[in-house]
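Observations on the model geometry
In case you want the letters, here they are:
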Amino acid sequence: MQQEAADAIRLDESFRFNPFDYRFHEEPRSVYRFLRDHSPAHYNEALNLYVLSRYADVSSALRNDGMYSFCHSDTYEILHPGKFADLVGFFCQDAPAHNGRRQLAGRPFTPRKSSALAPMVKYSGEHFLGLALGRVRRSQGGFDFMSDIAGPLSMAIIAKLIGLPEHECDRIRSWIELTVSRDNGSAVVQPEALQASEQLLRYLYEFWGERSRDGAGGDCIADRIIHVVENGDLSKQHGISFLWALCFAGQEATAKLLGNAIYQACTNRLDYILHRSPNLVGEFLSEVMRVDSPAQIVYRTVVEEGELHGVRLRKGARAALLLGSANIDERAFGADAADLKLGRVLAVDLLTFGWGSHYCLGRHLGELEANLCLQQFFEQVRGYQIDISRCTRVHTSTVHGFSSLPLMDIDLAE
Amino acid sequence: MAYRLVIDQMKCENNGRCVELASELIESGVDGSPVVLRTLLGAEHETVARSAVKACPMGALRIETTADP
């Protein structure tokens, strides 16, 4: 414990926000609080990064494409310098160019289309939950919620939607995790991460080629996008980068949301309550998306000078919009903003999914998956503990969540 | 002065928040797309209309003022 205290981040005038600091990943809230209260237009010279942490400022920035541009992607690090620089996501653009492409890509994710996927989502949930809980029933101990349920479940669903083959899911998942992983305190994209990213890209190019040759006659997203590209409405690069983005968002964000929910239910001692009253799962999930959302930070590039809280924001700098901090800002949500509180009434919109032209396209599907999976889980599980000593977190510049979340002492409903 | 509530269908993604907030002004159409019910709004609709404009995450709604007919 003493060692931990000595290693804690010093929150004073010398503090510079570093999204790659593992200590920040372990405990972001005290950092957020410090920034909101003492440095709301924070600047880290070494990273040339402005950091916005208050709800009002983050909310405005999200709506201000003219000043805060998406042109260099929404991660801090530029993932594909040089060789793969041609992979510019369709989303790495601002309105109005962005809107047209987004419209083409977004059709499978409308609320209606997403709801229609409920049976498929439920079926997948039952499958993975059944495997994990089956082992528990046979007294084979606990299981790892991330590797046994959240990860494969999210991957299976997005793979099915895209049209990716089941047998490639594990490989794709490992490429995704490697791509986003960073070393402690470092913005450097290591060779393993670049390699994994390139392998996934290469795989998607091959997959695209095969499907095109086969006539792309199905109704999966890949086939539809192939036709859109063939009609000349989207470039092939943008089509493939869209599939690439879907793999990440559909897998990373959703899986981490599930993991965070399972973590929060246990640490807030809500497991039994959620088992007894499944109608509370929705409210619970809303609060998880507020206090422990996977997408904690999105990044922009400052393309127009501006001033915020007396600080001059210069062109060319990056800006970190701390969605996770905004969502627990006392100024927007009251003195108990940091607490997970079932039935909380919100006075303002949550920024969990961003806002504006880059609002999360897959939001409805993500929420549906999380809701259904949690309902299924709490239906069958009366209580559980988390083996904290064996938990490990992901270490990325954007996503907050677990790579390993071992559950134990699992008490199953009869 | 009268107002028109206009939906930019290019930006609209059927999130449905406008329908939730301003059900007397906008309803969900057959395919889930929002449809504006009233061509002209009076002053009594302004607050609700503005809240719908603000609530749209895609910024797809706007209010246009028109001269009285």
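Residues numbered from 1 in each chain as written. Chains lettered and ligands numbered in written order. Predicted model: local features only at pLDDT ≥ 70, side-chain atom pairs only at ≥ 80, totals over all residues. Heavy atoms only, no water.

**Some thoughts on the overall build of chain A**
A tally of helices and strands in chain A yields 17 helices and twelve strands. With respect to the principal axes defined by its C-alpha atoms, chain A has extents near 60 × 60 × 40 Å. Split into buried and exposed, the 414 residues of chain A put 58% on the buried side. Sequence-distant contacts in chain A: of pairs separated by 6 or more residues, those separated by 24 or more amount to 72%. Here chain A has roughly 17,600 Å² of accessible surface; of this, 50% comes from carbon and sulfur atoms. Each charge class in chain A can be summarised by its mean position, and for the 43 positive and 52 negative side chains these summaries are 3 Å apart. (Helix = DSSP H or I, 4+ residues; strand = E, 2+ residues; numbered from the N terminus. Buried < 20%, exposed > 50% of the residue type's maximum accessible area, 1.4 Å probe, protein only. Contact = heavy atoms within 4.5 Å. Areas by Shrake-Rupley, 256 points an atom, 1.4 Å probe, with all protein chains shown as cover. Lys, Arg positive; Asp, Glu negative; His and termini not counted. Charge placed at Lys NZ, Arg CZ, Asp CG, Glu CD.)

**Looking at the sheet that holds strand β9 (residues 381-386) of chain A**
All names here are of chain A. If you trace the three strands from one edge of the open sheet to the other, you get β4-β12-β9, paired in antiparallel fashion. The sheet terminates laterally at β4 (143-144) and β9, the two strands that pair on one side only. Both β4 and strand β12 (residues 406-412) contribute to a ladder of two bridges, which runs antiparallel. Paired with Phe143 across the two strands is Leu407, which belongs to β12. Packing against the sheet, helix α12 (residues 236-267) makes contact with β9 and β12, and its axis sits at approximately 95 degrees to β9. (Pairing = 2+ DSSP bridges. Axes fitted to C-alpha atoms, helices over the stretch in contact; angles between N-to-C directions.)

**As for the interface of chain B and chain A**
Every contact between the two is made by 18 residues of chain B and, on the other side, 15 residues of chain A. Counting the surface lost from both chain B and chain A, the interface buries some 1,200 Å², and carbon and sulfur atoms represent 45% of this. For chain B, the biggest contributors to the area lost against chain A are B:Met10, B:Glu13 and B:Pro57; these three give 40% of the whole. Viewed at the interface, chain A and chain B are joined by one salt bridge. Taking the shortest distance from any N to any O, the salt bridge between A:Asp349 and B:Arg17 comes out at 2.5 Å. (Buried area = accessible area lost by both parts, 1.4 Å probe. Salt bridge = Lys/Arg side-chain N within 4 Å of Asp/Glu carboxyl O.)

**Some remarks on the side chain of B:Arg17**
With respect to the helices and strands, the residue B:Arg17 is situated in helix α1 (residues 17-21). B:Arg17 gets classed as buried once you look at its relative accessible area, which sits at 19%. For B:Arg17, the side chain forms a polar contact with the main-chain oxygen of B:Ala55, separated by 2.6 Å. Not counting residues within four places of it along the chain, the set of residues in contact with B:Arg17 comprises A:Asp349, A:Trp355, B:Ala55 and B:Pro57. (Polar contact = N/O pair within 3.5 Å; in protein donor to acceptor, adjacent residues only side chain to side chain.)

**Digging into the packing of helix α10 (residues 191-213) of chain A against helix α11 (residues 221-230) of chain A**
Packed helices, taken two at a time, are described by the angle their axes make and the gap between the axes. Residues and elements named next belong to chain A. Between α10 and α11, the shortest axis-to-axis distance is 10 Å and the interhelical angle comes to 80 degrees. Here α10 is positioned roughly perpendicular relative to α11, judged by the angle of their axes. On the side of α10, the interface is formed by Phe207, Trp208, Arg211 and Ser212, while α11 contributes Ala222, Asp223, Ile225, Ile226 and Val229. Class assignment of the residues belonging to the contact of α10 with α11 gives a composition of six nonpolar, one polar and two charged. (Parallel < 35°, antiparallel > 145°, perpendicular 65-115°, else oblique. Nonpolar A, V, L, I, M, F, W, Y, C, P; charged D, E, K, R; others polar.)

**Considerations on the nonpolar core**
Within the largest apolar cluster, 147 residues are counted, with the highest numbers of intra-cluster contacts made by A:Phe143, A:Phe145, A:Phe377, A:Tyr384 and A:Leu407. In terms of residues, this core owes the most to one element, α12(A), which gives 14 residues. (Core = buried A, V, L, I, M, F, W, Y, C linked by side-chain atoms within 4.5 Å.)

**As for the side chain of A:Ser124**
Examined against the element boundaries, A:Ser124 turns out to sit in helix α7 (residues 118-137). The exposure class assigned to A:Ser124 is buried, which follows from its relative accessible area of 10%.

Everything listed here is a matter of geometry and, on its own, says nothing about what the molecule does.
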